[in-house]
Amino acid sequence: MNLPGNWNDLTPDQRLQFRLDAWQGIPIEFSSLEVAQAYRNRVQLYRDVLDLEKPATVPIAPWIGLLPFRYFGHTAKQAYYDYEVFKDDWFRFHEATMPDGIGLTLGIVPGKLFDVLDYKLYDWPGHGTPDDTCYQYSEQEWMKGDEYQALIQDPGTYWQRTYLPRVFGAMEPFAMLPPWTDLVEIPFTAPFFAGFSAPPVKEMLQKLMDAGDAAMEWLQAAMAADGRVMATLGIPQTAGGATKAPYDILGDTMRGTRGLMLDKFRRPESIVAAMERLVPQAVDWALRSCDMTGNPMVFIPIHKGADGFMSDADFRELYWPTFKAVLLGLIEQGLVPWVFVEGSYNERLEVIADDDIPAHRMIWMFDATDMERAKAVVGSRQCIGGNVPAALFAMGTPEEMDAYVKDLLGNTAQDGGFILSSGIVLDEADPAAYQAFIDAGRKYGATG
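Residues numbered from 1 in each chain as written. Predicted model: local features only at pLDDT ≥ 70, side-chain atom pairs only at ≥ 80, totals over all residues. Heavy atoms only, no water.

A. Just the pairing of strand β9 (residues 418–422), in detail. For β9, the tally of buried residues reaches 5 of 5 residues, placing the bulk of the element in the interior. Burial along β9 is two-sided: the residues Phe418, Leu420 and Ser422 and Ile419 and Ser421 are all buried. Pairing of strand β8 (residues 383–388) with β9 involves 5 bridges; the strand directions are parallel. Of the residues in β9, the one forming a bridge with Ile384 is Phe418. (Buried < 20%, exposed > 50% of the residue type's maximum accessible area, 1.4 Å probe, protein only. Helix = DSSP H or I, 4+ residues; strand = E, 2+ residues; numbered from the N terminus. Pairing = 2+ DSSP bridges.)

B. Layout of the packing of aromatic side chains. By the definition in use, this model includes 38 aromatic pairs. Each ring, one from Tyr46 and one from Trp338, has its centre 5.8 Å from the other, and the planes form 50 degrees; the classification is tilted. Remark: Trp338 occurs in strand β6 (residues 336–341) and Tyr46 occurs in helix α2 (residues 33–50); sequence separation between them is 292 residues. Its relative accessible area of 0% is what places Tyr46 among the buried residues. Exposure remark for Trp338: the relative accessible area of 1% places this residue in the buried category. Members of the aromatic cluster, joined through ring pairs, are Tyr80, Phe114, Tyr119, Tyr122, Trp124, Tyr135, Tyr137 and Phe168. Against the face of Phe72 rests Arg92, its NZ or CZ located 3.8 Å from the ring centre. When the ring centre of Phe91 is taken as reference, the NZ or CZ atom of Arg228 above it lies at 3.7 Å. (Phe/Tyr/Trp six-rings, centres within 6.5 Å; stacked < 30°, edge-to-face > 60°. Lys NZ or Arg CZ within 6 Å of the ring centre and 35° of its normal.)

C. Looking closely at the sheet that holds β6. With respect to topology, 6 strands assemble into an open sheet ordered β4-β5-β6-β7-β8-β9, the strand pairing being parallel. Only two strands of the sheet have a single neighbouring strand rather than two, namely β4 (241–242) and β9. Examined bridge by bridge, strand β5 (residues 297–302) and β6 share 6 bridges and lie parallel to one another. Considered in β6, the bridge of Ile300 is made with Val339.

D. Structural view of the side chain of Thr412. With respect to the helices and strands, the residue Thr412 is situated in helix α18 (residues 398–412). Given a relative accessible area of 2%, Thr412 falls into the buried group. A polar contact is formed between the side chain of Thr412 and the backbone oxygen of Leu408, at a distance of 2.6 Å. Leave out the neighbours within four places in its chain, and Thr412 touches Met371, Glu372, Lys375 and Phe418. (Polar contact = N/O pair within 3.5 Å; in protein donor to acceptor, adjacent residues only side chain to side chain. Contact = heavy atoms within 4.5 Å.)

E. Representation of unusual backbone geometry in the model. Asn387 follows Gly386 through a cis peptide bond whose omega is -25 degrees. Even without a glycine there, the phi angle at Leu52 is positive, about 60 degrees. Looking at where Leu52 falls in the secondary structure, it is placed in the loop between α2 and α3 (67–71). The exposure class of Leu52 is buried, given its relative accessible area of 18%. Residues other than glycine seldom take positive phi values, yet His360 does so here, at roughly 65 degrees.

Any link to function would need more than the numbers given here.
Encoded structure:
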């Protein structure tokens, strides 16, 4: 997406309108004028609910993981490795069910790339988990407790020389190389590049080139899968980029849950300083992706702030300030934070309904939160959505699903500002229950 030359002079609201217009007017070749109009109409649903207005109908945007492949009798391993299966099942599923947003394509991970890189951060089908299971995070202290200062001082160098060699076997030789910031004057140039003569480094560079080929193969498959759904069915992508809360960056894949909880008592100042250092990185992750895709919606799954993971005081003092800074940074750039609130946030609603965050600028999608309270506390300022339970998709009858969606929409959606969705990313569901979810959304989603 090409930004206008006066971008820096635009207000955040003007930037948002530019990005929303670009998303709605995406320059792709649709299969027909009717499909092109259907696409624009669906994007308009999101624009309406973001403004807390009544849409033509409540948008239906479930989070989708492996469900399309199991829907058609394929395994997770096939989805992660056979990109023809990936593309075909992805299209057939959306064609059969016709939601208002494309499922979470980024959740279909590139198995071939993981193989090349010897990725240690996760287990996946054929590499630590059975063939028909989702990838699983291998929680360890990938960052040590005494490394906060290195992270705070220079995140890029810390990632290059310490973190990446631990989580990617193929990148272990990075630890042998000096930091890139050495390349500032003539005397440092030869010593810097001398390290690239080492055989392990040469081998690493070949693996990185192979990884580039594997990544491009997956990326082309993912773009083709989503592109076909958009061009043929008129269904927009619901995320143009992604990022995370700084506390979750530390707690999910660096210090781990236990390590970070202990750090709260041992080195609380270091946690805060590290999270503050990660705020601009978190904003930049999303900004670069959204500029490339032309879609302003930023998918943000949040984990460690849920009720029961920490006290309300810790949420207010540790989790929220830097996450709020990320949200404000995204909004400043005209982006729309689309926060996937995993677990229960009943104890957090008053905090996240923060008056400092401009109204009508983000989306809160809830999992196990009381939706009537969420509507009353958060929904007066921001769009909300959710929260059909995973158990209902897996074990509920069509009649039970119909009743749940009817009640949910009746209590939360009739004055606008609501998106119907699943409470979690769906890797499996009973086809009849899933279809009942779609049908009930259409039946009860009219807001006029």
